[in-house]
Amino acid sequence: MAAPRPAEPAEPATPARPAKPAYKDRAYRSPGGLAGGVLLLGLFTWLGTDAVFTGGGRTPWLTLAALLLAVPLVVAFSVRPAVFANDDRLRVRNPFRVIELPWASIVSLRSGYSNEVIDEAGTKYQLWAVPVSLRARKKAARRQARETGRAAKGDSSGRTSLEERTVRAETDQIMADLRELCEARAKAPGSQGEPTVRWAWEVMAPAAAGAVLLTILIALG
């Protein structure tokens with residue numbers, strides 16, 4: 001009989017990897033803000049190029065300084081704002097700050113004349129990427145009234161509808177979805193933690209440099 005083989009040493013256990021969110025980040029942006037920002041950037045590019053290559057004297061330098069100031073600000077207030085949501089947290093990218101809020105740290109997602117998120121410390125953060133449209137709210141209210149009327153009168157078969165469809169403005173629907181996600185994930189282990197805030201120096205530094213340069217050029221006459 002063959003001699004039994006010696007037992008092989010057990011392989012070290014592979015460390016467990018942290019669980020990934022069930023879905024990728026949901027991203028919310030303002031289509032109007034994006035469109036306006038792209039148009040302004042295109043206009044600045046056209047006028048700036050013409051002034052730099054055809055302007056005389058100090059015009060090219062003044063133009064470059066003005067562009068260095070204006071372009072980051074346009075990007076900050078139009079293209080940059082966004083709201084990202086996943087299973088664990090809400091990330092708010094505003095013009096000059098990035099705020100990350102685990103769902104457990106959020107007390108309220110409030111809609112008024114602006115959409116805001118409030119954390120446990122009572123700090124309010126405005127959602128620049130989800131602006132309130134009073135016109136869209138009025139339009140949704142009219143549609144809701146029509147839906148209510150149809151539900152009260154009943155359908156074509158004479159039976160009254162048991163369910164009334166809720167009609168909301170687009171940004172109000174986004175806030176409702178975020179509230180639902182917050183309530184569902186607030187007690188999850190991955191949703192615990194404190195809010196963090198980071199300043200957007202990549203936007204603020206070029207704009208500040210452009211402002212300083214433009215001031216110096218104007219002061220020198």
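The structure displayed is predicted, hence computed values, not measured ones. Residue numbers run consecutively from 1 along every chain, following the written order of its sequence. Totals for whole chains, interfaces and linings use every residue, but because this is a predicted model, local features are given only for residues with pLDDT of at least 70 and side-chain atom pairs only at 80 or more, for both listing and counting. Think of the side-chain values as coming from all heavy atoms in the structure, minus any hydrogens and water.

Focus on the overall build of the protein chain
Moving on, step 1. For the protein chain, the helix and strand inventory stands at five helices and eight strands.
Moving on, step 2. With 221 residues in all, the protein chain has 31% of them scored as buried.
Moving on, step 3. Whether two residues are in contact is decided by their heavy atoms: any pair within 4.5 Å suffices. Look at the contacts in the protein chain between residues 6 or more apart in sequence, and 61% of them connect residues 24 or more apart.
Moving on, step 4. Each accessible area value is a Shrake-Rupley result obtained with a 1.4 Å probe; residue values ignore everything except the protein chains displayed when judging cover. Of the roughly 14,800 Å² of accessible surface on the protein chain, 60% is carried by carbon and sulfur atoms. Helix and strand assignments come from DSSP, with helices taken as H or I runs of at least 4 residues and strands as E runs of at least 2, each series counted from the N terminus. We call a residue buried when its accessible area falls under 20% of the maximum for its residue type, exposed when it is over 50%, and partly exposed in between, using a 1.4 Å probe and counting protein chains only.

Concerning the packing of aromatic side chains
Moving on, step 1. When two rings of Phe, Tyr or Trp (its six-membered ring) have centres within 6.5 Å they constitute a pair, described as stacked for plane angles under 30 degrees, edge-to-face for angles over 60, and tilted for the intermediate range. Applying the stated criterion across every chain, the model contains two aromatic pairs.
Moving on, step 2. A centroid spacing of 5.4 Å and a plane angle of 85° characterise the contact between Phe77 and Phe96, whose relative ring orientation is edge-to-face. With a gap of 19 residues between them, Phe77 in helix H2 (residues 59-79) and Phe96 in the loop between strand E3 (89-93) and strand E4 (97-102) connect regions that are remote in the sequence.
Moving on, step 3. Look at Phe77 and you get partly exposed, because its relative accessible area is 39%.
Moving on, step 4. Seen from their ring centres, Phe77 and Trp128 are 5.4 Å apart, and the 65° between their planes marks the pair as edge-to-face. Highlighted residues: Phe77 in helix H2 and Trp128 in the loop between strand E7 (124-126) and helix H3 (134-153), separated in sequence by 51 residues.
Moving on, step 5. Clustering of aromatic rings is evident, with ring pairs tying together Phe77, Phe96 and Trp128.
Moving on, step 6. Throughout this description, the term charge over a ring refers to an Arg CZ or Lys NZ atom that lies within 6 Å of the ring centre and within 35 degrees of the ring normal. We note Arg97 situated over the ring of Trp199; from NZ or CZ to the ring centre the distance is 5.6 Å.

Regarding the pattern of salt bridges
Moving on, step 1. Definition used for salt bridges: Asp or Glu carboxyl oxygen within 4 Å of a side-chain nitrogen of Lys or Arg. Taken as a whole, this structure holds four salt bridges when the rule is applied.
Moving on, step 2. Across the pair Asp88 and Arg185 runs a salt bridge, and its minimum N-O distance is 3.8 Å. Separated by 97 residues along the polypeptide, Asp88 in the loop between strand E2 (82-85) and E3 and Arg185 in helix H4 (residues 170-185) bring together distant segments of the chain.
Moving on, step 3. For Glu116, the salt bridge goes to Arg110, with nearest N and O atoms at 2.9 Å.
Moving on, step 4. Through salt bridges with shared partners, a single network forms among Arg80, Arg198 and Glu202.

Section: the environment of Ile99
Moving on, step 1. Along the polypeptide, Ile99 turns up in strand E4.
Moving on, step 2. Each C-alpha atom, one on Ile99 and one on Val83, is 9.6 Å from the other, the two residues being 16 residues apart in sequence.
Moving on, step 3. Apart from the residues lying within four places of it in its own chain, the contact partners of Ile99 are Leu90, Arg91, Val92, Asn94, Tyr125, Thr196 and Val197.

Re the confidence of the model for the protein chain
Caution applies to low-pLDDT regions: their predicted coordinates should not be interpreted in detail.
Moving on, step 1. Averaged over every residue, the pLDDT of the protein chain is 83; the share at 70 or more is 78%.
Moving on, step 2. Per-residue confidence from the predictor is reported as pLDDT, a score between 0 and 100. For the stretch residues 157-162, pLDDT sits under 50, and the model shows six contacts to residues farther than four places along the chain or on other chains.

Description of the pairing of E2
Moving on, step 1. Here E2 shows no split at all, with Ala82 and Phe84 on one side and Val83 and Ala85 on the other all buried.
Moving on, step 2. For strand E1 (residues 26-28) and E2, the ladder comprises three bridges, and the chain directions are antiparallel. Paired with Ala27 across the strands is Phe84, a residue of E2.
Moving on, step 3. Any two strands are treated as partners once DSSP identifies two or more bridges connecting them. As defined by bridge partners, E2 adjoins E3 across four bridges and the pair is classed as antiparallel. Paired with Ala82 across the two strands is Arg93, which belongs to E3.
Moving on, step 4. Between E2 and the antiparallel strand that follows it, E3, lie three residues.

Concerning the packing of helix H1 (residues 31-54) against H2
Moving on, step 1. Between H1 and H2, the least distance of the axes is 10 Å, while the angle of their chain directions is 175°. Considered as vectors, H1 and H2 are oriented roughly antiparallel to each other. Here Gly33, Leu34, Gly37, Leu40, Leu41, Phe44, Gly48, Ala51 and Val52 of H1 come into contact with H2, specifically with Thr59, Pro60, Thr63, Leu64, Leu67, Ala70, Val71, Val74, Val75, Ser78 and Val79.
Moving on, step 2. Residues of the contact of H1 with H2, tallied by class, amount to 14 nonpolar, six polar and no charged. Between N-to-C directions, angles span 0 to 180 degrees; the directions come from axes that are lines fitted to C-alpha atoms, helices contributing only their stretch in contact. For classification, angles of less than 35 degrees are called roughly parallel, those exceeding 145 degrees roughly antiparallel, those between 65 and 115 degrees roughly perpendicular, and all remaining angles oblique. Classification convention: Asp, Glu, Lys, Arg as charged; Ala, Val, Leu, Ile, Met, Phe, Trp, Tyr, Cys, Pro as nonpolar; all other residues, Gly among them, as polar.

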